[in-house]
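Now for the letters of each chain:
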Amino acid sequence: MTEIVENRTAVPQQPLHGAEDVRLHTARVVQEMAVFDMHTHLFPPAFTELTRSGIDDLLTYHYLVAELMRAVEMRPEQFRRLTKPAQADLVWDALFVRNTPLSEATCGVVAVLSALGLDPSAPNLTEAREFFRDVTPSDHLARVFDRARVGGVVMTNDPFDTREVRVWDEGPELDDRFHTALRLDTLLNDWPEGRKRLIAAGYAAAAEPDAATVVQARRFIDAWIARMAPLYLAVSLPDDFAWPGDGPRGLLIRDVVLPACRDHGLPFAMMIGVRRAVNPELHDAGDGLGRADVTAVQRMCAEHPDNRFLVTMLSRENQHDLCVAARKFSNLMPFGCWWFLNNPSIVSEITRERLEMLGTSFIAQHSDARVLEQLLYKWPHARREISLALADQYVRVVENGRPVTVAEIERDVGRLLADNFLQWTPSRQSA
Ligand code: HDL
Ligand code: ZN
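*Asks:* Which parts of the structure should I look at to understand the packing of aromatic side chains?
*Replies:* Working definition: an aromatic ring pair is given by the centre-to-centre distance plus the angle between the planes. Enumeration according to the criterion identifies 12 aromatic pairs in this entry. Centroid distance tyrosine 203 to phenylalanine 220: 5.5 Å. Interplanar angle 90°. Geometry classified as edge-to-face. Of the two residues, tyrosine 203 is situated in the loop between α12 (191-200) and α13 (211-228) and phenylalanine 220 in helix α13; the sequence distance between them amounts to 17 residues. Like tyrosine 203, the residue phenylalanine 220 is buried in the burial classification. Relative to phenylalanine 421, the ring of tyrosine 232 has its centre 5.9 Å away and its plane inclined at 90°; by these criteria the two rings are edge-to-face. With tyrosine 232 in the loop between α13 and β5 (233-238) and phenylalanine 421 in helix α19 (residues 406-422), the pair connects residues that are 189 residues apart, well separated along the chain. Three or more aromatic residues joined by ring pairs form one cluster here, namely Phe36, Tyr232 and Phe421.

Here it is in structure tokens:
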């Protein structure tokens, strides 16, 4: 990853005085910059049943399932009883043939098919299925990463997911483009289940976490850090998340997770504002959001100055709050336009207010991709909005009387799309 950071310094200084030049070079640099995608649900082929790729996975993405349920007379349970190809055929017909693919998720699939040279106006999936049947997984993966200009991705690794544990038990062949993140939702948000899993894994745990449980939970986390060398520890948190928090979650974060992060030099990523299972019938597609209380983030940053916090919030109404909180705490790094915010209109708004309040000290985006080929739309769509927002800000600087150089644009874009995250990871910390 270092080579991605060092290449930028080779570019000669070219003071840009005119708005048109600034816009041209900003667009070029943003398009060409290799990104480090710091939150995804992607896995390399070695993770077998966890990997998602191809037209059937693209079309059964839970974003599209939610949209399908609005377009057809069908209960989610009926849909789930269909085979995956049958589900994909139904989604294609309902959302792409009998409706115009106007939503971000459907328009994204159109972009993916076009990027792969497939017909996004096809009446069925025959052509797409033939294409994906003939690809060589490793070549295809390399081609997608290269075309999306993704230098590396961070997975979401759940030590409470039996499929994931099985892969690690088999000693998977790792791929240096895929990095790990230790996801702790079950431990922190569902203590009865987390306790059960800790005990099943050989770690004693009391019904209400006590001092002995804290030691065991820390042993569990240390063991997984040793096993997967994560770049950060992560948790998604509900919109009513409070800090200091009572109950198991507050105690485990304070006495287990934050000390572990400090001892291992790892950031703690909090993804705040999700309201799980708003419509349980929709399964993965059934989650919603709520406006969260950003003072919880402020208190954590204030109480734990030696911890570094990566934070993304799910409510559009929390974005300005998060920018202001980041101005108060240098150990707080806002990241991404998460989930329901990953739409061009909102990515534009969030990026602009972040530039105005934080300069380049934030992580502009993560893809959250679950299916490999989604990189071919999530990043182009984000790059476009980031580029337009950044160019407008540079034009303001130039119109106020200070030229910008190409080297500065490259440095700034590198920070927003890769370096602000990489500088927080252990390897960079030790460098
Ligand atoms: O909790 C998360 O990491 C979220 O990103 C969920 O996985 C969500 O379902 C999602 O895919 N959002 O894009
Ligand atoms: Zn995610």
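Let's pick the thread back up.
*Asks:* What should I look at first to understand the site of ligand 1 in this one?
*Replies:* Around ligand 1, a shell composed of His39, His41, His62, Tyr63, Arg183, Met271, Arg276, Trp338, Trp339, Asp368 and Arg370 is seen. At 2.6 Å from an oxygen atom of ligand 1 is found a side-chain nitrogen or oxygen belonging to arginine 183. Tryptophan 338 has a polar side-chain atom sitting 3.0 Å from an oxygen atom of ligand 1. In this structure the site holding ligand 1 corresponds to the largest pocket. Across the shell around ligand 1, the residue classes tally to 4 nonpolar, 3 polar and 4 charged.

*Asks:* It is not clear to me how the domain arrangement of the chain should be interpreted in this structure. Could you clarify?
*Replies:* Interface size is commonly expressed as the accessible surface area that is lost when the partners come together. Taken as a whole, the chain is organised into domain 1 (15-53 + 135-422) and domain 2 (55-134). Each of domain 1 and domain 2 was reduced to a C-alpha centroid, and the two centroids are 27 Å apart. Between domain 1 and domain 2, the residue contacts involve 25 residues of the former and 23 residues of the latter. Summed over both sides, the interface of domain 1 with domain 2 buries roughly 2200 Å², with 60% coming from carbon and sulfur. Considering only the side of domain 1, the residues that lose the most area to domain 2 are Val135, Glu281 and Tyr377, jointly responsible for 28% of the buried surface there. Seen at the junction of domain 1 and domain 2, the total is 1 salt bridge. When the shortest N-O distance is used, the salt bridge between arginine 75 and glutamate 281 registers 2.5 Å. Listed by contribution, the elements that provide at least two residues to the side of domain 1 that touches domain 2 are α9 (137-148) and α18 (375-399). Considering each element in turn, the side of domain 1 that touches domain 2 owes the most residues, 4 residues, to α18.

*Asks:* What is the right way to read the sheet that holds strand β2 (residues 150-154) from this model?
*Replies:* Paired through their backbone hydrogen bonds, the strands of a sheet run either parallel or antiparallel. Pairing within the open sheet is parallel, and its 3 strands lie in the order β1-β2-β3. Either end of the sheet is taken by a strand with one partner, and the two such strands are β1 (35-37) and β3 (178-179). Of the strand pairs in this sheet, β2 and β3 are connected by 2 bridges, and their pairing is parallel. Among the inter-strand pairings, valine 154 is bridged to a residue of β3, identified as histidine 179. Most of the contacts of α18 go to β1, to which it runs at about 120°, and overall it touches β1 and β2. α19 contacts β1 and β2 of the sheet and is inclined by roughly 60° relative to β1.

What counts, and at which threshold
- Residues numbered from 1 in each chain as written.
- Chains lettered and ligands numbered in written order.
- Predicted model: local features only at pLDDT ≥ 70, side-chain atom pairs only at ≥ 80, totals over all residues.
- Heavy atoms only, no water.
- Phe/Tyr/Trp six-rings, centres within 6.5 Å; stacked < 30°, edge-to-face > 60°.
- Helix = DSSP H or I, 4+ residues; strand = E, 2+ residues; numbered from the N terminus.
- Buried < 20%, exposed > 50% of the residue type's maximum accessible area, 1.4 Å probe, protein only.
- Near = heavy atom within 4 Å.
- Polar contact = N/O pair within 3.5 Å; in protein donor to acceptor, adjacent residues only side chain to side chain.
- 1 Å grid on protein atoms, 1.4 Å probe; cavity = no way out; pocket = protein on both sides within 12 Å on 5 of 7 lines; lining within 4 Å.
- Sits in = over half its atoms within 2 Å of the grid points.
- Nonpolar A, V, L, I, M, F, W, Y, C, P; charged D, E, K, R; others polar.
- Domains from an automatic or database assignment.
- Contact = heavy atoms within 4.5 Å.
- Buried area = accessible area lost by both parts, 1.4 Å probe.
- Salt bridge = Lys/Arg side-chain N within 4 Å of Asp/Glu carboxyl O.
- Pairing = 2+ DSSP bridges.
- Axes fitted to C-alpha atoms, helices over the stretch in contact; angles between N-to-C directions.

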